[in-house]
Structures are given as structure tokens and as C-alpha cells.
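# A closer look at the structure
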Amino acid sequence: MSTTPTRDSWKVEASYIAKNTHNPIRSIVENIVIEPNPNKLMIALSIGYQSAREAVADYSSNEFVQVDPKDVILCSGCSCALDLCITALARPGQNILIPRPGFSIYRTLAEGLGITVKSYNLRPEYGWEINLDDLEAQIDENTAAIIINNPSNPCGSVFSRDHLTDILDIAARYYVPIIADEIYEHMVFPGRTFYSLASLSNDVPILSCSGLTKRFLVPGWRMGWIIIHDKQNILDEGIRQGLVCLSQRIIGSNTIVQGALPAILRNTPQKFYDDVIDTLYEHSRLAYSHISKVPGLNPIMPDGAMYMMVYIDLTCFTEFKSDLEFVQCMLMEESVFCLPGQCFDYPSYIRLVITVPKEMLVEACLRIQDFCERHHCKTSQTINELDRIGIKY
Ligand SMILES: *Cc1c(COP(=O)(O)O)cnc(C)c1O
């Protein structure tokens, strides 16, 4: 499908709130051009850390992307990073594009600001790749940004390099900047590779959002960041400044963790990262092989992150009208709680978190199996009979 592009150049305007937010202390401190006297040791009685931003810049640089500390904005977690990006880029009445299924916070943040969300579909049968025709069809003259979440919550999918390039082509053709939610960066299973959007983009501005929460398993530490990737300086007119101003609506992200950030990002041994991945990979294979055998359920094996989506064939469970009813009844009878697909705008699925200890995960799978066999429309007798003659139902 090909619609006529709605714009003919890059014009990314900051929202009113971004333009109208000022913090005089910050603007003085950050715009001071005077160099201190080199003969006297500097005593900072103004405000905090530059070294934390340098650490994030180092951590996020590689042979394809060079990040400057001035392109790093520290936030209270990745959700705060997303909040600032959406708030800076979109005005009430404009829209942003979000994935379906997708993490619900994009909608929560945008709709609260009077920004419309439009969903583009993912395709479970193609490893949850984006339906590119659908993505393109959703873009209109009011589209302020596209949110891309890779690796994905709730799908655990990891996009290929080619797929990311195709996404960038669309964004470039329509002059729409991308907010890349890459909180699961590097959390991919053996044999898969994570490519950041910024490493593949030449002209499309990318606001890349990440943080400590997932890879370092510390959700309560509330440390995240935005990295502004903007090779063509398209965001210099307002957005960059707007993000800085918005970040100053709170006085700053957790300073204790800021202080620790250089050590966390530079000294964490590779073994820590590898062990987390090994565990997640083992758990997802375990859950996948268990759930595959359960009548009426169809799991989709993830390639990364910490989740697995499972399709529920509701025609096999006619007493439940929705994934929510299925989940509620399972909670009541088995004390196993999964999120219904509804939470991700994707009915008829449930999402499993695979981070619980192995024994607990196995126990959960067994209880899910009991539950499904008990509620499956075919009586358990029929199931036993089919099992006996080796037919998969
Ligand atoms: C958990 C999560 C976040 C938020 O992370 P915090 O750093 O805890 O705010 C953002 N995006 C996705 C996709 C997530 O799963």
C-alpha cells in the first residue's frame, strides 16, 4: 500500500508545554559559558553530576553509534523518559502511533495529555513483526511520533536488522520522528542480535529510551534515560531544549543512583548479564514446552525480554467469554495470575512473566495445565481417549 506522504520535509515542533516550561536555576547553570580559574580547584555549590551522563554515553556507544554526554537526559526510570519524549513531541490533538499488542503505558501517558493514540498491528505469525502496511496507513498529518518497542513487552520478540530498516524507511518518507523504547536492549537469547534503531538511522531522529530497571533487575531504583540521536540536527529547533526543560519539572532523578551509575554501567561483570539471559532463556523454553502440550493453548516462543504470549483458543473454553474471565477463574481456582491480553490491547491471549524461580514456573505450568484440562469443552474422558490413540487436539 502506498499513500501520499503528508509532509515534504522535517519540521518537528515542540509542544506548548515543552516550550513553556522554564527552570531559571537550570538555565543559568547549563548555559554558563565562563570557564573557572584553572589554578584553583573547582568547588561546585550549584548542582549535581555530569559523570553519570558520561557513563550512560559510554555505555550506549559502540562502533556504529557515538553518544555525547550532552545527548543524554537522565530520568526517573524509562517510563519517565517515555513521558518526556511524548510530552515534548506531541501536542493535544496530535497523535502518536503505538504497537498492538503493546505496553499500556504509552496510551496512559498520551491520553492523559489529550494526545490521541493510533495502534499499528504486530503479526504473531511472523514473530510479532510490525505490519508495515498498517503502520504506514496509520500515519496522517497529525502524527507527531511513532513508538517502536524492541525487544517487546509483552511479546518477547526481537526485530531483525532488515525489519528495523524498513521501519526507518517509512518514518523517513513521512518525516515522523521515532521514540524507541529499548529498555530490553541486549536482553536477547543466544543466536539473536539486538540492533538499536539509532545504529541504523541516517536521517530519522530517534529518541532512545532505556534504563536500569530490566537488564539490571532493579525496578525500584527509578533510573532511566533518553538519548537524543539526531544526526541531521532536526530536533535542535525546540525539541532538545524542550526535553531538557521538561526534565527540570522534577529537580532530578535519584541522585544516589546517579552517583552509582558510572560504577554500575562500567563494572558490572559480563557474567551477570549472561546469567540473566541464560536463566530467562531456560525458563522460556521450559514454559514453552509445557504450555505447548496444554489443550486449547498456543504459546509463542520469545526471542528475548522476559515474557511469553500464549494464545487461548476460547472456542475450547466456552464458559469464558474473554481472556479476562479465563484469567480470573484461573486465579480463583489455581492461584496463578497472568495478565490478560486485554491489558495490551490484544484479547484472546495471556502474558506470562518468566522471571519467577524455576520450580515455581514449573508448578505454575502444571496448574495451568490442570485448569485447562478441567475447563476444556471436550470432556477429560475424550482427552484421555485422544491421548491414547495419539491424536493432538
Ligand atoms: C518496564 C518497562 C518500562 C518502564 O521501565 P521503568 O524504568 O521501570 O520506568 C518501559 N517500557 C517497557 C516496554 C517496559 O516493559
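We now turn to the structure provided with this report.

Scoring rules and cut-offs
- Residues numbered from 1 in each chain as written.
- Predicted model: local features only at pLDDT ≥ 70, side-chain atom pairs only at ≥ 80, totals over all residues.
- Heavy atoms only, no water.
- Helix = DSSP H or I, 4+ residues; strand = E, 2+ residues; numbered from the N terminus.
- Rg over C-alpha atoms; globule rule 2.2 N^0.38 Å.
- Buried < 20%, exposed > 50% of the residue type's maximum accessible area, 1.4 Å probe, protein only.
- Contact = heavy atoms within 4.5 Å.
- Areas by Shrake-Rupley, 256 points an atom, 1.4 Å probe, with all protein chains shown as cover.
- Lys, Arg positive; Asp, Glu negative; His and termini not counted.
- Charge placed at Lys NZ, Arg CZ, Asp CG, Glu CD.
- Pairing = 2+ DSSP bridges.
- Expected span 1.5 Å × (residues − 1).
- Phe/Tyr/Trp six-rings, centres within 6.5 Å; stacked < 30°, edge-to-face > 60°.
- Lys NZ or Arg CZ within 6 Å of the ring centre and 35° of its normal.

### Thoughts on the overall build of the chain
For the chain, the count of helices and strands is 14 helices and 12 strands. Over its C-alpha atoms the chain spans a radius of gyration of 23 Å, differing by no more than 12% from the 21 Å that the globule rule assigns to 393 residues. Its C-alpha atoms give the chain principal-axis dimensions of about 85 × 50 × 35 Å. The burial tally for the chain puts 51% of its 393 residues in the buried class. When contacts within the chain are restricted to residue pairs at least 6 apart in sequence, long-range pairs at least 24 apart make up 70% of them. Entry remark: accessible area of the chain is about 18,700 Å², with carbon and sulfur atoms responsible for 53%. Taking the average place of the 33 positive charges on the side chains of the chain and the average place of its 46 negative ones, the gap between the two points comes to 3 Å.

### Points about the sheet that holds strand β9 (residues 297–300)
As summarised here, the arrangement of the 4 strands in space is β9-β10-β12-β11, forming an open sheet in which the pairing is antiparallel. Looking at which strands have only one partner, the edges of the open sheet turn out to be β9 and β11 (339–340). Sheet analysis places strand β10 (residues 307–312) next to strand β12 (residues 349–353), joined by 5 bridges and oriented antiparallel. The residue bridging M309 from the neighbouring strand is R351, located in β12.

### Thoughts on helix α11 (residues 270–292)
Spanning 23 residues, α11 covers 33 Å between terminal C-alpha atoms, matching the ideal 33 Å at 1.5 Å per step. All buried positions along α11 are accounted for by Y273, V276, I277, L280, Y281, H283, S284, A287, H290 and I291.

### With respect to unusual backbone geometry
Negative phi is the rule for most residues except glycine; trans is the rule for most peptide bonds. Here the bond from N150 into P151 is cis, since omega is -15°, no more than 30 degrees from zero. Mapped onto the secondary structure, P151 falls in the loop between β5 (143–149) and α7 (161–174). The step from N153 to P154 runs through a cis peptide bond, and the omega angle for that step is 15°. Its identity is not glycine, yet W128 carries a phi of approximately 65°, on the positive side. Topologically, W128 is positioned in the loop between β3 (116–123) and β4 (129–130). Phi at S348 is positive, roughly 70°, even though this residue is not glycine.

### Focus on the packing of aromatic side chains
A complete count under the given rule lists 17 aromatic pairs for this structure. Judged by centre distance (6.5 Å) and plane angle (20°), the rings of F216 and F272 are stacked. Placement of the pair is F216 in the loop between β7 (206–211) and β8 (224–229) and F272 in helix α11, with a sequence separation of 56 residues. Owing to a relative accessible area of 30%, F272 belongs among the partly exposed residues under this scheme. Members of the aromatic cluster, each reached through a chain of ring pairs, are Y59, F216, W225, F272 and Y273. Across from the ring centre of Y16, 6.0 Å away, lies the NZ or CZ of R91, which sits over that ring. A cation over an aromatic ring shows up here: R161 above the ring of Y195, its NZ or CZ 5.8 Å from the ring centre.

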